[in-house]
Amino acid sequence: MAQRPFRTEESIAAELATRQRVVPLLKRHGFAVTGHHWTEHGIAITQVIDAERVGGAAVRMHVRLCWRRDGRNANESLYSAAQLRARLDQGSWEQTLENIAARHEREGFTHLLLVQDSTEGFVFAALVPSGQIPAIWQRQREVSDDLISRGLTGKMTKNHAANGSSPTLWLQDDRHLETPAVARVLWQWPGVINILALPRLDELEHDNDTFDDLVGAEQYFGRDQGQRIASFRSGYPRDPRVRAAVRARAKGHCERAGCDEHRDYPGFLDVHHILGIEVSDRVWTCVALCPNCHREAHFAPESADINEALRQFASRFAI
C-alpha cells in the first residue's frame, strides 16, 4: 500500500492562498506593512512581516496558520489552534518553548501572528508578544490539566497545549461548556492584540461584524427617494440572552469606570464585545456602555487600555 503523503497539493495551495491574504488583512486593520517575505523549506514555509501600527511601535511578525477549516470536519468551527513546533526538542516541552523564544529573539521577531482562515474568510488573528509565548503556553497547559482532572472535557484526555508531540496554542475550544477557558488564557493575556477587533480602514466592506456593536457607525453618503434592494451580509451570531443580561446588570448605568452617564429608558446603552464578537459573546466578555464610551472603546488612541480595563471589570462575572 502506498504511503499517504504528509501534505496534499490541495493543502499546500490553501496555505499559500491564506498567506497571500495576511498582508491585506493587516492593512485593512491599520497596519503599515514595511516588509514581507517568506522562505520555503521543502513543504514548510516561514513567513515574516514587518509593519507599524498607527501611533505604535514597529513590529516584526512570525506568521503561523491555525488548523485548516475547509468543511472536512463537521465540528471544525468549534475549535482553533496552531502548532508552535512539529515535534519536541530533546523530548522536553520546556526546552522546546525556550528554543522557540530564543529563535524569536535571535531573528528579531517581536510577535507571533496566529491566523485562522476558513472558506468564508478570516475567523481569528491574534498578535502575541514573542516574549510571552512560553508563559501563555504553560498557563493553557495548566488550565487544560485542571479541566481534564475535573472531567470537564468529555472524552478528551489529552492536554490541549501538549498536543501529541507538538506544543500548541489555542484560540478557541467551544466543544464543551468549560473548555473555552483554555482559549481565554490567550485572548485575555496582557499585550495580545485581537486584530479583527481593531477598526477597519475600509469600514464599508464587512468581512466581520465587529462594528455591528456600534449603532449608526456606518456612514453612507446617502440619497433621497431611495429604492429598496435586497442586501446580504455575513456575520457572527449573537445570543440575545447575553445582551439582555448585560443590560440588566448595568441598570441603565454605563459600566466604564469614571463615566457617570445614566438613562432610565431602554436603548440608551450599547453592549460592547470587549474581545470582538468573533471571539466571544459571553456575559463576562461584554459590557454595557454609553454611546460615547462605546466609540472610545473602538476608536480612541488608547482603546487598548480602555478595553483592558473593561476586560478586568467584566471578568468578575465569569461563571
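Bear in mind the structure is a predicted one, so any value in this text is a computation, not a measurement.

> Just checking my understanding: could you explain the packing of helix α3 (residues 133-149) against helix α4 (residues 180-187) for this structure?
Packed helix pairs are specified by the crossing angle of their axes together with the interaxial distance, meaning the distance between the axes. Running from N to C, α3 and α4 point in directions that differ by 160°, and their axes come no closer than 9 Å. By the criterion of interaxial angle, the relationship of α3 to α4 is roughly antiparallel. Like other packed secondary-structure pairs, α3 and α4 cross with a definite hand, here right-handed. In this structure, α3 uses Ile136, Arg139, Gln140, Val143, Ser144 and Leu147 to contact α4, whose residues at the interface are Ala181, Val182, Ala183, Val185 and Leu186.

> Explain the packing of helix α6 (residues 291-299) against helix α7 (residues 303-314) to me, please; I cannot follow it from the model alone.
With their axes 7 Å apart at the nearest point, α6 and α7 run at an angle of 120° to one another. Judged on the interaxial angle alone, α7 and α6 are oblique. Residues Glu296, Ala297 and His298 of α6 lie in contact with α7, whose contacting residues are Ser303, Ile306, Asn307 and Leu310. In terms of residue class, the contact of α6 with α7 is built from 3 nonpolar, 3 polar and 1 charged.

> Where do I start with the pairing of strand β4 (residues 79-83) in this structure?
Every regular strand shows the same layout, with side chains that alternate between the two sheet faces. Counting buried residues in β4 gives 4 out of 5 residues, a clear majority hidden from the surface. Pairing of β4 with strand β8 (residues 166-173) involves 5 bridges; the strand directions are antiparallel. Bridge pairing in β8 places Ser80 opposite Gln172.

> So what exactly am I meant to see when it comes to the nonpolar core here?
A general trend in soluble globular proteins is that nonpolar side chains are found buried together. In terms of nonpolar packing, the biggest core is built from 33 residues, with Leu84, Leu114, Val128, Leu169, Leu186 and Trp187 touching the most fellow members. Elements with a minimum of two residues in this core: β4, α2 (93-106), β5 (111-116), β6 (124-129), α3, β8 and α4. Excluding residues within four positions of it along the chain, Trp187 makes contact with Phe124, Ala125, Ala126, Leu171, Asn194, Leu275 and Val279. Membership of the second largest hydrophobic core comes to 20 residues, among which are Val242, Val246, Cys286 and Cys293.

> Any chance you could explain the pairing of β5 here in plain terms?
Of all the 6 residues making up β5, 6 are buried; the element is thus mostly covered by neighbouring parts of the structure. By the alternation rule, side chains of β5 split into His111, Leu113 and Val115 and Leu112, Leu114 and Gln116, which are all buried. Pairing analysis gives 5 bridges linking strand β3 (residues 58-65) to β5, with the strands arranged parallel. Among the inter-strand pairings, His62 is bridged to a residue of β5, identified as Leu112. Bridge count between β5 and β6: 6 bridges; the pairing is antiparallel. Along β6, the bridge assignment pairs Val115 with Ala125.

> Can you walk me through the pattern of salt bridges in this structure?
Any two side chains of opposite charge can pair if their charged atoms end up close together. Inspection of every chain in the model, using the stated rule, returns 15 salt bridges. Across the pair Arg150 and Asp146 runs a salt bridge, and its minimum N-O distance is 2.9 Å. For Asp146, a relative accessible area of 36% puts it in the partly exposed group.

Calculation criteria
Residues numbered from 1 in each chain as written. Predicted model: local features only at pLDDT ≥ 70, side-chain atom pairs only at ≥ 80, totals over all residues. Heavy atoms only, no water. Axes fitted to C-alpha atoms, helices over the stretch in contact; angles between N-to-C directions. Helix = DSSP H or I, 4+ residues; strand = E, 2+ residues; numbered from the N terminus. Parallel < 35°, antiparallel > 145°, perpendicular 65-115°, else oblique. Left-handed = near helix turned anticlockwise from the far one by under 90°. Contact = heavy atoms within 4.5 Å. Nonpolar A, V, L, I, M, F, W, Y, C, P; charged D, E, K, R; others polar. Buried < 20%, exposed > 50% of the residue type's maximum accessible area, 1.4 Å probe, protein only. Pairing = 2+ DSSP bridges. Core = buried A, V, L, I, M, F, W, Y, C linked by side-chain atoms within 4.5 Å. Salt bridge = Lys/Arg side-chain N within 4 Å of Asp/Glu carboxyl O.

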